[in-house]
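Fold and geometry: a report
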Amino acid sequence: MWLYVILLLVLLLLAFWSFFSSKSPNPFSVDVRRPPAPLVTDKDIRKKVLKQAFSTDKVPQNLDAIVIGSGFGGLAAAVVLSKAGKRVLVLEQHSKAGGCCHTFSKKGFEFDTGIHYIGRMQTNSPERILLDQLTEGQLQWAKMPDVFDAVILGEPGNGKTYRLHSGTREYYEELKKQFPGEDAAIEKFAKLIKTVAHGDISFVILKLLPLPMAKLLSKTGLLNWFSPFIKMAPRSLSEVVNGLTTNEALRAVFCYIFPTYGTLPSNTSFSLHAILVNHFLKGGWYPSGGASEIAFHTIPIIKRAGGAVLTKAVVQNILLDPEGKAYGVSVMKGQQLVNVFAPIVISDAGLFNTYEQLLPEAAQTLPGIQASLRMVEHGLGGLTVFIGIVGSKEELGLEATNYYIYPESNIEKIMKHYLAASRDEAAKNIPLLYVTSPSAKDPTWEERFPGKSTLIVVSCAQYKWFEEWKDERAAKRCVEYEGLKDTFVDSIMETVFKLYPAIKDKIEYVSAGTPLTNQHYLLAPKGEMYGVDHGLSRLQAEVIATMRSQTPIPNLYLTGQDVFFCGLVGALYGAILCASSVLQRNLFLDLIQLTKAVQAKDSKKND
């Protein structure tokens, strides 16, 4: 046994030494935070940052890297490289930069498209420090109420509501109060969450190690001895929670947050779930000024380094030289293809789009590309309803708390029935609603949109229910498509009115996005909410090691949620992995050093 342990340590030291030997500058050598400036509301200024349309004269000369896609995985990778002195061009196919961080406006209402809340944004947390460095401290976060999430099992008003409280101790102690007699089960759950989530460093190690070493560790099972995260990864969430309690309601509350990664409890690794629960133990935060502030405060750093973020730039192909190395992209401009060259190409377009659409056909058949594709599946499609309401949050009774609504406590059963149903049946029996009010969470909202409020409702839907209309023009699809969409919306609104009855006669705008909407605006191949499926197979050690930023194509890298996990922080860490690979520098170690320095500096200020 000790021989294996010594071998493991030698492998790790060799791998990390390769990063230490990098001559690339440290992008996190100094704390770049500065006092936050007032919120910029001028539309012309914001347009200049977020809506710079592609043209050849706007492409910087002597590029060091091109990033395909301006989701946060793409923007974050570009910012880190910019901070290391690289000139980076980010190309976005949509008319507005930001990916799932962008917002849109209709009838005087502003709506988020993907970032509804995140955790671990308390002052001087590692995640907060990292985001502060990527936005120079300009991105501000509003703390949600003590009860940041609530779970309703049954019909709003008649069902039972369970509340999740901020704070590690409070989270579990309040659960005990709501589930008398279940103290032992809750304490075991808490212990498992802490043990497994804190072992997620092994996840990063598998992606940083050279692939042959990572695969060796995977096949030998050595990491199981040291990593509770890897050891628990093959066990499903259902298996674990069912072994803790027979209380159906408590099982549901243990599992309630599964919509944030989009797989059912029976197909979810407990290790993944542990990361998400741990992520929100301190509560939830919302970007002050709305989700578009994330892109708004990262893009200037890219531009300052000589780069650019250009929209309406539909990348058609990744260019490969005769040796099979990436050296640029071709962009559709009108009816012509424009080639843009750089020694490094980074894709935030997702694994499926990159390997199946953007690479030349000959490269798509490479064994390494095909092996990666065989390991993964498309994730579940998204369904979102955007609601604009006349009235303030006080007048309408809207809360900053998020609501997860399930018709009954057996979540697995109702979700399986829904996903197996016909589209007409499914539209009338939706088993999951996530209801949130961005306007109630944003402290700047009332100043920007007085007398107005918004709700967003998120659920899931099968791509196949809408697939027959995929070739029709967006926003111009046939009456059958609109009729099916309306049936889903009507069913959803019935429940929303029971949660917030005061809004019923105050609604001014309602619109819905289906998997086809995600396909059009986000280029999600099957309308996925979270890219590659996050099921049990994704948490296998070999899959973890293989789904990395380096690709079988020299000079081509992946970034974002398909490299790490879903969500803003998942995409962010995917970007750090990507930038580490490009710079050949272990940025995680740089971040640890910076975090310690910032925490020490701020601690002295507070003494």
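Here, every reference points to the structure presented above.
Residues numbered from 1 in each chain as written. Predicted model: local features only at pLDDT ≥ 70, side-chain atom pairs only at ≥ 80, totals over all residues. Heavy atoms only, no water.

Things to note about the pairing of strand S7 (residues 160-165)
Heads up, the rule is: One bridge is not enough; two strands pair if DSSP finds at least two bridges between them. Elements are defined by DSSP. Helices are runs of H or I of four residues or more, strands are runs of E of two residues or more, and each kind is numbered from the N terminus.
Here strand S6 (residues 147-153) runs beside S7; their pairing, made up of six bridges, is antiparallel. Directly across from Asp149, in S7, lies its bridge partner Leu164. Here S6 hands over to S7 after six residues, with Gly154 in that stretch at a positive phi of 115 degrees.

Observations regarding a positive patch on the surface
So the rule is basically this: Residues qualify for a patch when their relative accessible area is over 30% and they have no salt bridge, like charges being joined within 9 Å and the nonpolar side chains of Val, Leu, Ile, Met, Phe, Trp and Tyr within 5 Å. For the accessible areas, the method is Shrake-Rupley and the probe is 1.4 Å, while residue cover comes only from the protein chains on display. We define a salt bridge as a contact between a side-chain nitrogen of Lys or Arg and a carboxyl oxygen of Asp or Glu at a distance within 4 Å. Counted charges follow a simple rule, with Lys and Arg positive, Asp and Glu negative, and His plus the chain ends left uncounted. Think of each charge as sitting on NZ of Lys, CZ of Arg, CG of Asp or CD of Glu.
A contiguous patch of positive charge, built from Lys47, Lys51, Lys58, Lys312 and Lys333, is present on the exposed surface. Residue position: Lys333 is located in strand S11 (residues 326-333).

Some points on the sheet that holds strand S9 (residues 308-310)
Hydrogen bonds between backbone atoms are what pair the strands of a sheet, whose relative direction is either parallel or antiparallel. Applied cut-off: Only the stretch in contact is used when fitting a helix axis, every axis being a line fitted to C-alpha atoms; angles between N-to-C directions are given from 0 to 180 degrees. Note on contacts: a residue pair is in contact if any heavy atoms of the two residues lie within 4.5 Å.
If you walk across this open sheet you meet the five strands as S9-S2-S1-S13-S19, and the pairing is parallel. The outermost strands of the open sheet, each flanked by one partner alone, are S9 and strand S19 (556-558). Strand-to-strand twist across the sheet, computed as the mean angle between neighbouring axes with direction ignored, equals 20 degrees. Here strand S1 (residues 65-68) runs beside strand S2 (residues 88-91); their pairing, made up of four bridges, is parallel. The residue bridging Ala65 from the neighbouring strand is Val88, located in S2. Across the sheet, helix H15 (residues 351-358) lies against S1, strand S13 (345-347) and S19, angled at about 150 degrees from S19, the strand it touches most. Sheet strands in contact with helix H26 (residues 567-583) are S13 and S19, and its direction is about 155 degrees off that of S19.

A few points about the state of the cysteines
Note the threshold: A pair of cysteine sulfur atoms is labelled a disulfide when the two atoms are within 2.5 Å. Each residue's exposure class comes from its accessible area (1.4 Å probe, protein chains only) as a fraction of the maximum for that residue type: buried when under 20%, exposed when over 50%, partly exposed otherwise.
One pass over the full model with this rule turns up zero disulfides. Cys460 takes part in no disulfide bond, and the closest cysteine sulfur to it belongs to Cys566, at a distance of 14 Å. Judged by relative accessible area, Cys460 falls into the buried class, the value being 1%.

Examining H15
The buried fraction of H15 is high, at six of eight residues. Every buried residue belonging to H15 is among Leu351, Phe352, Asn353, Thr354, Tyr355 and Leu358, and all of these are buried. Where H15 is buried, its residues contact S1, strand S10 (314-320), S13, helix H16 (361-364), helix H17 (367-374) and S19.

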